[in-house]
Amino acid sequence: MQTEISIPISQHFNWEECLWYLDRGYDDCIYKVYPEKVRRAFDINRVKMLVEISHRNGSLSIRWLVGEPIETDINYIQKFVSAWFDLDTDLTPFYRLLSSNPSLAYMTENYAGLRFVGMPDLFESLAWCIIGQQINLHFAYKIKRRLVENYGDFVEYENARYWIFPAPEKIKTLPITELRALQFSNKKAEYLIDVADAFVRNILNKEILSALPDFASRQKMLTAICGIGIWTANYVLMKSLKEPSCIPYGDAGLLNALINHKIIKLKGDSQSINEFFNMFSGWESYLVFYLWRTLSERKNESKD
DNA sequence: CTCCAGGTATTTT
DNA sequence: AAAATACATGGA
């Protein structure tokens, strides 16, 4: 018996645009994009499932391809998908702000309906940041895949493997040498294992972080951990905790996008960056996401 | 060979 | 407090 649920969608939503973002030219091992749908595997309390997400009749449909979920599983996945594609936000105020800026107004057309694509799992998000620090994205995705395929689990369906990000319990036990073999640097290996250890010891998790009183204290808790600087803290807070006002200072891609849009001339001009983002108060994270989006160009679609 | 990539910690001024 | 530097490694 196949389970299926549907989540209603508000306006300014374009599924095709979201899917394109997921499949924008990098090799992310944690989901698979197909025409008009995406599949992703989950491990909920050691029960593995595979779901397919598609857009039907004005709603987002989640269909279980593998696994028979109980009610709590369904709630979990529904929340996860809502967070993944930021289904609860009304983009109208953001688009109004974009429209008021001549060099950004085009985004409301070109990326119309693109939702902030999140990383709901905090450990995965932190691990991804540590992997991605100071290396190019293609290489980062390669390393992520090695990590996941070596230490993660998978669900098999129609001769394809759908990988699940390894749990902190697993990563925590790895000797540094094993991660070195996957081309982690010594530091990255140390940082990742330490973060995994913090999760296992319940010093850090999404609940603890969310329970802190404000943004500043969340940043502080994260940056207190070795290997997590201001960039990672902001990245994780926007991607995983949906903080609306994150600016991942120093981000190479963001700086390039700002230069491309002639918002800054030099990468060190933090004053201009702050002045620029001040105009988008409350939507900084979304704007950063859209600026990142500009770094991947959609090829001309050939339609006859 | 050089420079950069969705940085961070450490050391030196 | 701010600036320089070491770290690691693939790809252009």
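Note that the structure is predicted; figures quoted are calculated from it, not measured. (Residues numbered from 1 in each chain as written. Chains lettered and ligands numbered in written order. Predicted model: local features only at pLDDT ≥ 70, side-chain atom pairs only at ≥ 80, totals over all residues. Heavy atoms only, no water.)

Some points on the pattern of salt bridges
Step number 1: Here the structure, examined in full by the defined rule, presents 17 salt bridges.
Step number 2: Between Asp27 and Arg145 there is a salt bridge; the shortest N-O distance is 2.7 Å. Here Asp27, found in the loop between α1 (15-22) and β2 (32-34), pairs with Arg145, found in helix α6 (residues 137-151); they are 118 residues apart in sequence, far enough to count as distant.
Step number 3: Residue classification places Asp27 among the partly exposed positions, given a relative accessible area of 42%. (Salt bridge = Lys/Arg side-chain N within 4 Å of Asp/Glu carboxyl O. Helix = DSSP H or I, 4+ residues; strand = E, 2+ residues; numbered from the N terminus. Buried < 20%, exposed > 50% of the residue type's maximum accessible area, 1.4 Å probe, protein only.)

Description of the sheet that holds strand β4 (residues 47-56)
Step number 1: Sheet architecture is open: 5 strands sit in the order β1-β5-β4-β3-β2, paired in antiparallel fashion. Only two strands of the sheet have a single neighbouring strand rather than two, namely β1 (4-8) and β2. Averaged over all pairs of adjacent strands, the angle between their axes in this sheet comes to 30°, without regard to strand direction.
Step number 2: Judged from the 5 bridges that link them, β1 and strand β5 (residues 59-66) form a sheet pairing that is antiparallel. (Pairing = 2+ DSSP bridges. Axes fitted to C-alpha atoms, helices over the stretch in contact; angles between N-to-C directions.)

Quick word on the protein's contact with DNA strand B
Step number 1: In the neighbourhood of DNA strand B, 24 residues make up the surrounding shell, with Arg24, Leu137, Gly227, Thr232 and Tyr235 lying closest.
Step number 2: What you see for DNA strand B is that sugar and phosphate hold 54% of its atoms within 4 Å of the protein.
Step number 3: A distance of 2.5 Å is found between a base oxygen of DNA strand B and a side-chain nitrogen or oxygen belonging to Arg24.
Step number 4: Between Tyr235 and DNA strand B, the recorded distance is 2.4 Å, taken from a side-chain N or O atom to a base nitrogen.
Step number 5: Secondary structure elements with two or more residues in the surface near DNA strand B: α12 (230-239) and α13 (252-260).
Step number 6: No other element matches α12, which puts 4 residues into the surface near DNA strand B.
Step number 7: Residue composition of the surface near DNA strand B, by class: 11 nonpolar, 10 polar and 3 charged. (Near = heavy atom within 4 Å. Polar contact = N/O pair within 3.5 Å; in protein donor to acceptor, adjacent residues only side chain to side chain. Nonpolar A, V, L, I, M, F, W, Y, C, P; charged D, E, K, R; others polar.)

Structural notes on the packing of α12 against helix α15 (residues 284-293)
Step number 1: Where α12 meets α15, the axes come as close as 10 Å, and the angle between the chain directions of the two elements is 100°. If you check the angle between α12 and α15, you find them roughly perpendicular. Residue-level contacts link Tyr235, Met238 and Lys239 of α12 to Ser285, Val288, Phe289 and Trp292 of α15. (Parallel < 35°, antiparallel > 145°, perpendicular 65-115°, else oblique. Contact = heavy atoms within 4.5 Å.)

Some remarks on the packing of α13 against α15
Step number 1: At a minimum axis separation of 9 Å, α13 and α15 run at an interaxial angle of 80°. Considering their axes alone, α13 and α15 lie roughly perpendicular with respect to each other. Each of Gly253, Leu254, Ala257 and Leu258 in α13 lies in contact with α15, whose residues at this interface are Val288, Leu291 and Trp292.
Step number 2: Along the lines of polarity and charge, the residues of the contact of α13 with α15 split into 6 nonpolar, 1 polar and no charged.

Structural notes on the domain arrangement of chain A
Step number 1: In terms of domains, chain A is made up of domain 1 (4-87) and domain 2 (122-240).
Step number 2: The centre of domain 1, based on its C-alpha atoms, is set 22 Å off from the matching centre of domain 2.
Step number 3: Taken together, the 20 residues of domain 1 in the interface contact 20 residues of domain 2.
Step number 4: Of the roughly 1,800 Å² buried between domain 1 and domain 2, counting both surfaces, carbon and sulfur atoms make up 60%.
Step number 5: Sorting the residues of domain 1 by area buried against domain 2 places Tyr26, Cys29 and Ile30 first, and these three jointly supply 32% of that buried surface.
Step number 6: Counting the contacts that link domain 1 with domain 2 gives 5 salt bridges.
Step number 7: For the salt bridge of Asp153 with Lys48, the shortest nitrogen-to-oxygen distance reads 3.2 Å.
Step number 8: Inspection of the domain 1/domain 2 interface yields 7 residue pairs in polar contact (both at pLDDT 80 or more).
Step number 9: Counting only elements with at least two residues in the side of domain 1 that touches domain 2, the list comes to β2, β3 (37-44), β4 and β5. (Domains from an automatic or database assignment. Buried area = accessible area lost by both parts, 1.4 Å probe.)

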